[in-house]
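Next come the chains, spelled out residue by residue.
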Amino acid sequence: MLLAIGAGWGAVFSLIKIAVSTGHPPLGLMAWQFVSMALVLVAINTWRGKHAPWGQRQIAVYLMLACLGSLVPNVLTYAAAAHLSAGLLSILSATLPLFAFPIAIWLGTDRAELRRVVGILCGFACVALILWPEARLPNAGLALWIAVALVPSLLYAMEGNIIAKWGDGWGLDPIQMLTGASILGAPMTLMLASVTGQYIDPIRPWGAPEWALVISAALHAVVYASYFWTVTRAGIVFASQVSYLITGFGVVIAMVVLGERYALHIWAGLGLMLVGLALVRPRQKSGLVPRGAMQDNER
């Protein structure tokens, strides 16, 4: 399951790169991503025999998740993808736990450890290597877009910490949260895209960018739901190892599908990022749910 999630999530970055290749505006792309995700997630919830409730509290949660966890970070990712390679996007996305840890300390849900602080330093040393002029990035002036590509990880880290601290009181499981956010986000982004002149008319001949957008949105919904399923069955510590696979698959798929190649400094940065992830990852003995508990769940 981890391999499937890592490969699927890693492929999303190459698909995003294809989706922006003809200059489609970020809000227009995000609007149809919301629509595609909503359709896929409604089907998953129907198969589960559940639905996303629409009480006042739940709507507030969906709105927060739609903006903080989807709309803003994905629009920024689409904007950065027009200037950065898919492989770099994969590496930069791995900074999520590096942001999540200090936020957790600030919220009081985690405690500082020297090992994990060193991991954060390794992660940001990776970013420094990528920014180093001798890294031979495609063109000058990409520091701004690298900074833009880091913001989604910060927002995802904020979202994850909010869910971890207050999510138990919402009466929602993670898939219901994602479904509600997608359903609410679809009309909201369609309206924003129309008002700003970024609307993309779907009644047109479809090429690789349009298909890449729809496939990436559906794939994102499936792997996100699969990730949450893995968390409930095997525990967060085991499931968090997917970060390595997402980064690795993202780089390899970009090399195979898009023909991307990277300078030595980029590979050194990737190595530092993986070391940082290994150090920051929580160290718990009970990383897997006991076999008996898993069997009880299955029954």
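This text gives an overview of the structure that appears in the document. (Residues numbered from 1 in each chain as written. Predicted model: local features only at pLDDT ≥ 70, side-chain atom pairs only at ≥ 80, totals over all residues. Heavy atoms only, no water.)

Re the packing of aromatic side chains
The description of an aromatic ring pair rests on the distance of the ring centres and on the angle between the ring planes.
So, point 1. Enumeration over the complete set of coordinates arrives at five aromatic pairs.
So, point 2. With 4.8 Å between their ring centres and 70 degrees between their planes, W206 and W211 make a pair best called edge-to-face.
So, point 3. The class of W206 is partly exposed, set by a relative accessible area of 37%.
So, point 4. Look at Y262 and W267: their rings are 5.8 Å apart centre to centre, the planes differ by 80 degrees, and that puts the pair in the edge-to-face class. (Phe/Tyr/Trp six-rings, centres within 6.5 Å; stacked < 30°, edge-to-face > 60°. Buried < 20%, exposed > 50% of the residue type's maximum accessible area, 1.4 Å probe, protein only.)

Overview of the nonpolar core
So, point 1. One finds L84, L92 and I130 to be the most contacted residues of the largest nonpolar core, which totals 73 residues.
So, point 2. Beyond its immediate stretch of four places on either side in the chain, L92 contacts L84, V127, I130, I146, A149, L150 and S153.
So, point 3. Formed by five residues, the second largest nonpolar core is a distinct cluster that contains F99, I103, L107 and A157. (Core = buried A, V, L, I, M, F, W, Y, C linked by side-chain atoms within 4.5 Å. Contact = heavy atoms within 4.5 Å.)

Thoughts on the pattern of salt bridges
So, point 1. On inspection of all chains with the given rule, the structure shows four salt bridges.
So, point 2. When the shortest N-O distance is used, the salt bridge between R116 and E113 registers 4.0 Å.
So, point 3. For R116, a relative accessible area of 5% corresponds to the buried category.
So, point 4. Given the relative accessible area of 21%, E113 is considered partly exposed.
So, point 5. Here the salt bridges share partners, and the residues they tie into one network are R48, K50 and D173. (Salt bridge = Lys/Arg side-chain N within 4 Å of Asp/Glu carboxyl O.)

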